[in-house]
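Here are the chains, one letter per residue:
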Amino acid sequence: MIKMSLVLLVFIILNNVAIGDTLTFELSEREKSCFYQDFSGSRKYILQYKVLRGGNNDIDASLESPNGKILYKESRQSRDEFEFHTSNGTFTICFSNEFSTFSAKVIYFELRSQVMETLDSEAGVTSRPNAPTYLDAVLETVHKSFTRIAIYQKDSRLKEGSNKHAMDSLNNGVQFWSVLITFSVLLTGLGQVIVLKTFFTEKRKTKA
């Protein structure tokens, strides 16, 4: 019975692992998008972003504190990670594709706490009536392990999606140029045959 309960709790943890606020969106050319996140108290957070596809896979990014101070600002980055301390108020995260004339960009970004949250904090439990049991310690260890696994899986899926898009683009380019070169070779061969044929064609003079 204890084993069944442990398996059930592990399954629940695996399906409810929180690794932060994530978003994937498309940013059109000559556009800028900003996102707002409210924080309370001081905690250490990580802002991570990556351009999945579009143009040269670059974007302008910035992070602004509630008092208007620019904490982070970089131009034409394909990916980056930035650590910052939160405070009471609304933080602004902006991504700009205004420098691009033709290419839209697909961008992924994530906000997550650098310190892994415990099961109690995720459940909103502030205090326990009794001391943590051995089962609580085991579940906490499992929770931290699954959180790390979820982060690794997310990074792996992002790399897989980005690589798949690059391979598809390369495949389309190879197919296009292969067809173009094939037609060029055929046309060149046909032209050479026509030119050589004129050299060996006898011109008959007509008698008056």
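Placed above this text is the structure.
Residues numbered from 1 in each chain as written. Predicted model: local features only at pLDDT ≥ 70, side-chain atom pairs only at ≥ 80, totals over all residues. Heavy atoms only, no water.

1. Some thoughts on the side chain of Arg-112
- Along the chain, Arg-112 turns up in strand β8 (residues 105-113).
- Classification of Arg-112 as buried rests on a relative accessible area of 15%.
- At 3.3 Å, the side chain of Arg-112 forms a polar contact with the side chain of Glu-110. (Helix = DSSP H or I, 4+ residues; strand = E, 2+ residues; numbered from the N terminus. Buried < 20%, exposed > 50% of the residue type's maximum accessible area, 1.4 Å probe, protein only. Polar contact = N/O pair within 3.5 Å; in protein donor to acceptor, adjacent residues only side chain to side chain.)

2. A look at the packing of aromatic side chains
- Counted under the stated rule, the structure contains 15 aromatic pairs.
- Each residue in the set Phe-25, Phe-35, Phe-39, Tyr-45, Tyr-49, Tyr-72, Phe-82, Phe-84, Phe-91, Phe-95 and Phe-109 is aromatic and connected to the rest through ring pairs, giving one cluster. (Phe/Tyr/Trp six-rings, centres within 6.5 Å; stacked < 30°, edge-to-face > 60°.)

3. Some words on the pairing of β8
- Counted residue by residue, β8 has nine buried out of nine residues, so it is predominantly covered.
- Pairing of strand β1 (residues 21-27) with β8, which is carried by seven bridges, proceeds in the antiparallel orientation. Counted as the bridge partner of Glu-26 is Val-106 from β8. (Pairing = 2+ DSSP bridges.)

4. Comments concerning the sheet that holds strand β7 (residues 89-96)
- With antiparallel pairing, four strands are arranged side by side in an open sheet as β2-β7-β4-β5. At either end of the open sheet lies a strand with only one pairing partner, and these are β2 (32-39) and β5 (70-77). In this sheet, adjacent strand axes meet at a mean angle of 10° when their direction is disregarded.
- One ladder, built from five bridges, connects strand β4 (residues 59-64) with β5; its direction is antiparallel. (Axes fitted to C-alpha atoms, helices over the stretch in contact; angles between N-to-C directions.)

5. Concerning the pattern of salt bridges
- Applying the stated criterion across every chain, the model contains three salt bridges.
- For Glu-83, the salt bridge is made with Lys-44, and the minimal N-O distance between the two is 3.6 Å. Of this pair, Glu-83 sits in strand β6 (residues 79-85) while Lys-44 sits in strand β3 (residues 44-53), placing them 39 residues apart in sequence.
- A relative accessible area of 31% places Lys-44 in the partly exposed class. (Salt bridge = Lys/Arg side-chain N within 4 Å of Asp/Glu carboxyl O.)

6. Regarding the environment of Thr-24
- Position of Thr-24 relative to the elements: it lies in strand β1.
- Relative accessible area serves as the criterion here: at 44%, Thr-24 is assigned to the partly exposed category.
- Placed 28 residues apart in sequence, Thr-24 and Leu-52 show a C-alpha to C-alpha distance of 9.1 Å.
- Non-local contacts of Thr-24, meaning those with residues more than four positions away in its chain, are made with Leu-52, Val-106, Ile-107 and Tyr-108. (Contact = heavy atoms within 4.5 Å.)

7. Some points on the nonpolar core
- Counting 19 residues, the largest nonpolar core has Leu-63, Phe-84 and Phe-95 as its most contacted members.
- Put simply, the parts of the chain that give this core at least two residues each are β1, β3, β4, β6, β7 and β8.
- If you tally residues by element for this core, the top one is β3, at four residues.
- In contact with Phe-84, not counting residues within four places along its chain, are Arg-43, Lys-44, Tyr-45, Ile-46, Leu-47, Leu-63, Leu-71, Phe-91 and Leu-111. (Core = buried A, V, L, I, M, F, W, Y, C linked by side-chain atoms within 4.5 Å.)

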